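Next come the chains, spelled out residue by residue.
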Number of protein chains: 2
Amino acid sequence: MFSIGDLSRRTGVKIPTIRYYEQMGLLDPPDRSEGNQRRYSRDGLQRLSFIRHARDLGFNIEAIRELIDLGGHPEKPCRDADRIVAEQLEAVRNKIARLNQLERELHRMSTQCEAKCIRDCYVLHSLSDHRLCDTDH
Amino acid sequence: MFSIGDLSRRTGVKIPTIRYYEQMGLLDPPDRSEGNQRRYSRDGLQRLSFIRHARDLGFNIEAIRELIDLGGHPEKPCRDADRIVAEQLEAVRNKIARLNQLERELHRMSTQCEAKCIRDCYVLHSLSDHRLCDTDH
DNA sequence: CTTGAACCTCAACCGACTAGAGGTGTTACT
DNA sequence: AGTAACACCTCTAGTCGGTTGAGGTTCAAG
């Protein structure tokens, strides 16, 4: 049996976050000690590791709930799990594309300013005037 | 003079968001009509465009506040503006690096699963077992 | 003068936590 | 058995950057 602190140390998930996951229904309410403290089984630990890993990969709480549900129905086709991952992959790729645009724009801003004072600062001018931008955003 | 709706249409910033920016001190409280409705000058419109552009580039409210303050002191050196942009550029690059890792991992998950049902689904197995990952996250 | 769209304020909500107050349980050591 | 230190409990409120809705007022066209 593990205390909430044990789980926290083993998974790297902070204690209040573990309680939050319980409240959100991602973790089943564990047994309690005589003094009402949470006592987790090895299953509870594995479940939390799963959640941690999924969060690290950027899945939101709702998606994780779905993935957990799927895990409870081993006979079902894994089409749904594939779909959830595919959606997440697309979301990540979109973010990357967007951030690459921003990176170019910011890099351009930071290298083109040769002014000595704010009055002529390229940074502030390009923030004020969209036409100085490369990409449309 | 522009109404808040005019500003919204011209900048693409939603009306409650404009009021929120005012509350956050990014926009000066504008004049009001007889009936207490906001009436913006061309300056107000430009200020909001500036904010919109900076938000699009990912600057947070605090950074935008700093940039606006800098704009009010044209004689100062633009070192501070450069620093803010450089910080943002680094933050964006870090996010990109992280998302590229996730992209690889998710892509691997989504292509390696050839199972027909959840029991053998590679997706769920790799979420459960960190050792199946390429990168450390 | 009326109608309907646009506007006002205020409060609550979103996601995914984090922080703090005020109180109780557990454990190691004497 | 007592005590000190630390871990844990619940509950509330705060974070960021907004969004949503209720309930009421003003504006502009016909």
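What comes next is a walk through the structure.

Basis of the calculations
- Residues numbered from 1 in each chain as written.
- Chains lettered and ligands numbered in written order.
- Predicted model: local features only at pLDDT ≥ 70, side-chain atom pairs only at ≥ 80, totals over all residues.
- Heavy atoms only, no water.
- Helix = DSSP H or I, 4+ residues; strand = E, 2+ residues; numbered from the N terminus.
- Rg over C-alpha atoms; globule rule 2.2 N^0.38 Å.
- Buried < 20%, exposed > 50% of the residue type's maximum accessible area, 1.4 Å probe, protein only.
- Contact = heavy atoms within 4.5 Å.
- Areas by Shrake-Rupley, 256 points an atom, 1.4 Å probe, with all protein chains shown as cover.
- Lys, Arg positive; Asp, Glu negative; His and termini not counted.
- Charge placed at Lys NZ, Arg CZ, Asp CG, Glu CD.
- Core = buried A, V, L, I, M, F, W, Y, C linked by side-chain atoms within 4.5 Å.
- Buried area = accessible area lost by both parts, 1.4 Å probe.
- Salt bridge = Lys/Arg side-chain N within 4 Å of Asp/Glu carboxyl O.
- Near = heavy atom within 4 Å.
- Polar contact = N/O pair within 3.5 Å; in protein donor to acceptor, adjacent residues only side chain to side chain.

## Remarks on the overall build of chain A
Here is step 1 of the chain: Each helix and strand counted, chain A has 6 helices and 2 strands in total.
Here is step 2 of the chain: When the helices and strands of chain A are placed in sequence order, the string is α-α-β-β-α-α-α-α.
Here is step 3 of the chain: Taken over the C-alpha trace, chain A has a radius of gyration of 23 Å; the compact-globule value for 137 residues is 14 Å, which it surpasses by more than 25%.
Here is step 4 of the chain: Principal axes of the C-alpha set define a box for chain A whose edges measure 70 × 40 × 20 Å.
Here is step 5 of the chain: When the 137 residues of chain A are sorted by exposure, 42% land in the buried category.
Here is step 6 of the chain: Long-range contacts, defined as pairs at least 24 residues apart, comprise 48% of the intrachain contacts of chain A with a sequence gap of at least 6.
Here is step 7 of the chain: A total of about 8,000 Å² of accessible surface is found on chain A, and carbon and sulfur atoms cover 45% of it.
Here is step 8 of the chain: For chain A, the distance from the average site of its 23 positive side-chain charges to the average site of its 22 negative ones is 5 Å.

## Topic: the nonpolar core
Here is step 1 of the chain: Grouped together as the largest cluster of nonpolar side chains are 80 residues, with contacts concentrated most on Phe59(A), Leu67(A), Phe59(B) and Leu67(B).
Here is step 2 of the chain: Non-local contacts of Leu67(A), meaning those with residues more than four positions away in its chain, are made with Phe50(A), Phe59(A), Ala81(A), Ile84(A), Leu124(B) and Leu127(B).

## Some words on the interface of chain B and chain A
Here is step 1 of the chain: Facing 50 residues of chain B, the contacting portion of chain A comprises 50 residues.
Here is step 2 of the chain: Roughly 4,400 Å² is buried in total at the junction of chain B and chain A, and carbon and sulfur atoms are behind 73% of that figure.
Here is step 3 of the chain: On the chain B side of the contact with chain A, His53(B), Ile118(B) and Leu127(B) bury the most area, a combined 16% of that side's loss.
Here is step 4 of the chain: The interface formed by chain B and chain A contains 2 salt bridges.

## Points about the protein's contact with DNA strand D
Here is step 1 of the chain: Near DNA strand D, the surroundings consist of 22 residues, among which Ser3(A), Arg19(A), Thr17(B), Arg55(B) and Asn60(B) are the closest.
Here is step 2 of the chain: Taken together, the sugar and phosphate atoms account for 87% of what DNA strand D places within 4 Å of the protein.
Here is step 3 of the chain: One of the backbone N or O atoms of Arg38(A) is found 2.8 Å from a phosphate oxygen in DNA strand D.
Here is step 4 of the chain: Residue Thr17(B) places a side-chain N or O atom 2.4 Å away from a phosphate oxygen belonging to DNA strand D.
Here is step 5 of the chain: For the surface near DNA strand D, the secondary-structure elements that each account for two or more residues are α1 (4–11) and α2 (15–23) of chain A together with α2 (15–23) of chain B.
Here is step 6 of the chain: For the surface near DNA strand D, the element with the most residues is α2(B), which contributes 4 residues.

This is a description of form; function is not addressed.
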